[in-house]
Amino acid sequence: MIFVIWSALSQARWRCYLANTYYKKLKWATIHTQCRWRGRLGRKELRKLKMAARETGALKEAKDKLEKTVEDLTWRLQLEKRLRVTLLLLLDTSNLFLNIGCLTWLVLKSLGMHFVNVALES
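An account of the accompanying structure is given in this report. (Residues numbered from 1 in each chain as written. Predicted model: local features only at pLDDT ≥ 70, side-chain atom pairs only at ≥ 80, totals over all residues. Heavy atoms only, no water.)

1. Structural notes on the overall build of the protein chain
Looking only at helices and strands, one finds one helix and zero strands in the protein chain. The buried share of the protein chain, taken over its 122 residues, is 0%. Summing over all exposed atoms, the protein chain offers an accessible surface of approximately 12100 Å²; the carbon and sulfur share of this is 68%. (Helix = DSSP H or I, 4+ residues; strand = E, 2+ residues; numbered from the N terminus. Buried < 20%, exposed > 50% of the residue type's maximum accessible area, 1.4 Å probe, protein only. Areas by Shrake-Rupley, 256 points an atom, 1.4 Å probe, with all protein chains shown as cover.)

In structure tokens form, the structure reads like this:
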């Protein structure tokens, strides 16, 4: 009878050992699988972030180029405005001189004709 109890205890311990070993292997496999899966997702996310960073860098370069172009065009526009204002001032001044010249010529001509008429009458 002691032999039966001893064999029953021995078999129970063996089954406990097998179940515990199976549980530990299952737990290790689950953790290992989760770790590998998370690593895979992490690499996928890293790849996406690198692509986004590359696109961001390209967008930043394009933005910098556009800003430089806008600054250049703004500078050119201001320069052309200044030149236009200067040209208009010169034209107004020259028109003024031309108008004064024409008026002077007309006055001198009319006076000259008057002097010629006066001279002919005398």
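2. Some words on the pattern of salt bridges
This structure, assessed with the given rule, holds two salt bridges. The salt bridge partner of Glu-67 is Lys-63, with a shortest N-O separation of 3.7 Å. A residue pair is termed a helical-turn pair when its members lie 3 or 4 positions apart in one helix, as Glu-67 and Lys-63 do in helix α1 (residues 2-121) at four residues. On the basis of relative accessible area, Glu-67 is assigned to the partly exposed category, the value being 38%. (Salt bridge = Lys/Arg side-chain N within 4 Å of Asp/Glu carboxyl O.)

3. Things to note about a nonpolar patch on the surface
Together, Trp-14, Tyr-17 and Leu-18 make up a nonpolar patch on the protein surface, roughly 360 Å² of accessible area in all. Tracing the sequence through the fold places Tyr-17 in helix α1. (Patch = residues over 30% accessible without salt bridge, like charges linked within 9 Å, V, L, I, M, F, W, Y side chains within 5 Å.)

4. A closer look at a positive patch on the surface
On the surface, Arg-36, Arg-40, Arg-43, Lys-44, Arg-47 and Lys-48 cluster together into a patch of positive charge. Tracing the sequence through the fold places Arg-43 in helix α1. (Lys, Arg positive; Asp, Glu negative; His and termini not counted. Charge placed at Lys NZ, Arg CZ, Asp CG, Glu CD.)

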